[in-house]
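In case you want the letters, here they are:
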Amino acid sequence: MPAISQTAGTAIGLALGIVSAIALTVWGVYEWRRKGRCQLLIMVAGSCIGFLTSPGLDLVAHAELPPPVALSPNVHRLFELDEPLWVFPTYPLFLALPAYLTFVALDEQWPRRKLWISTATLIASDFIGEIFLVRVAGLYRYAGQQPLLVFGASPMWETVYVTASMLMGALLHLLGRRLHGASWLLTLPVIGSGFMGFMVVAGWPGMIAVHGEVPRPMVPVLGLASLACCAAILYMISLHLRGSEPLRAPTATAHTAEPG
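Owing to the predicted nature of the structure, the values given are computational and were not obtained by experimental measurement.

Conventions we followed
- Numbering of residues starts from 1 in each chain and follows the order in which that chain's sequence is written.
- In keeping with the model being predicted, local features are shown solely for residues with a pLDDT of at least 70 and side-chain atom pairs are shown and tallied solely at 80 or more, while totals for entire chains, interfaces and linings include all residues.
- Water and hydrogen atoms play no part in the side-chain values, which are based on all heavy atoms of the structure.
- Two strands pair under a simple rule: DSSP has to find at least two bridges between them.
- Numbering goes from the N terminus for both helices and strands, where a helix is a DSSP run of H or I of at least four residues and a strand is a run of E of at least two.
- Here a cavity means grid points, on a 1 Å grid over the protein atoms only, where a 1.4 Å probe fits yet cannot get out; a pocket means an open set of points with protein on both sides within 12 Å along at least five of seven lines; lining residues are those with an atom within 4 Å of a point.
- Grid points are joined across faces, edges and corners, and a volume is the space filled by probe spheres set on the points.
- Under the convention adopted here, Pro, Cys and the residues Ala, Val, Leu, Ile, Met, Phe, Trp and Tyr are nonpolar, Asp, Glu, Lys and Arg are charged, and Gly plus all remaining residues are polar.
- Here, a salt bridge means any Lys or Arg side-chain nitrogen found within 4 Å of an Asp or Glu carboxyl oxygen.
- Note on exposure labels: buried denotes an accessible area under 20% of the residue type's maximum, exposed denotes more than 50%, and partly exposed covers the range between, all computed with a 1.4 Å probe on protein chains only.
- Asp and Glu are treated as the negative residues and Lys and Arg as the positive ones, with His and the ends of the chain left uncounted.
- By definition, residues are in contact when any of their heavy atoms lie within 4.5 Å.

**Comments concerning the pairing of strand β2 (residues 74-78)**
So, step 1. Across four bridges, the pairing between β2 and strand β3 (residues 81-84) is antiparallel. Within β3, the position partnered with asparagine 74 by the bridge is proline 84.
So, step 2. Remark: two residues form the turn of the hairpin made by β2 and β3, two consecutive strands paired antiparallel; phenylalanine 79 in that turn has positive phi of roughly 55°.

Shown next, in the form of structure tokens:
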């Protein structure tokens, strides 16, 4: 049972989502005006489109939401699942933020250690936030044979969410090498639909555990397999960054000019 009423929990979730969306938009304007990077604004806009596939995320992770309250009515229906209003402003935070940090990491060639620390911080923050949303606010819960649940929250799915967003950021970095200015708007459909697809790419073993008819002892094994998939994906992204040590300049062979 949630620690507070559903209306109070919904109000808190809605407020946190709105504040985070405004903060990311302001940051995006700053990045655009000061650094000439429009990508964060594009990702925030794309995450709003991504909300249209949000019931698919609930379907894959087998997350169940309670009936809506007046403060946050259902605004979208897909796969016979309803999505309430409070979910909409949260999408920029958990989709656009990890994607943009990955884009910046590749663009600025961060040290690999910095990317790993940022990734671990994002996953830990999301997991703590999920414990609040699940146990205190009661905004949703995980059903089915969920592997590795802790206090009702799922470190596996939180890792999958962050990894999927980071895959999105890496893809946009690759696709955007020849994009400039308004042409970045071409990536909006990719952002809108790609998150759910990348979620399946990163978390398919966990999806089998949740939805498949597998023996109970195999459920945590499949959860660990999902974490291994995420680690492999993040490692492949990190290979495109520089290591902890400064890059060495190429060694040139000395040639001595002969007299005459």
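**Quick notes on the layout of surface pockets**
So, step 1. Quantified by volume, the largest pocket comes out at close to 610 Å³.
So, step 2. Along the wall of the largest pocket there are 26 residues; nearest its centre are Trp86, Thr90, Phe94, Leu133 and Tyr140.
So, step 3. Contributions of two or more residues to the lining of the largest pocket are made by α1 (6-35), α3 (54-61), α4 (91-108), α5 (112-136) and α6 (155-175).
So, step 4. Per element, the largest residue contribution to the lining of the largest pocket is six residues, and it comes from α5.
So, step 5. Of the residues that constitute the lining of the largest pocket, the class distribution is 14 nonpolar, seven polar and five charged.
So, step 6. Taken as a whole, the second largest pocket encloses approximately 230 Å³ of empty space.
So, step 7. Lining the second largest pocket are 15 residues, and of these Ala63, Glu64, Leu65, Leu81 and Asp82 sit closest to its centre.
So, step 8. Examining the composition of the lining of the second largest pocket, we find that three residues originate from one element, β3, more than from any other.
So, step 9. Residue classes in the lining of the second largest pocket are distributed as eight nonpolar, three polar and four charged.

**Side note on the pattern of salt bridges**
So, step 1. Counting across every chain of the model gives six salt bridges.
So, step 2. Between glutamate 31 and arginine 37 there is a salt bridge; the shortest N-O distance is 3.1 Å.
So, step 3. Arginine 37 sits in the buried class, given a relative accessible area of 10%.
So, step 4. What you see here is one network of salt bridges that share partners, running through Glu31, Lys35, Arg37, Asp107 and Glu108.

**Here's the deal with the side chain of glutamate 130**
So, step 1. Relative to the helices and strands, glutamate 130 is located in helix α5.
So, step 2. Arginine 135 is the oppositely charged side chain nearest to the buried, salt-bridge-free glutamate 130, at an N-O distance of 11 Å.
So, step 3. Sequence-distant contacts of glutamate 130, that is, excluding residues within four places in its chain, are made with Tyr140, Tyr142, Ala153, Ser154, Glu158 and Tyr161.

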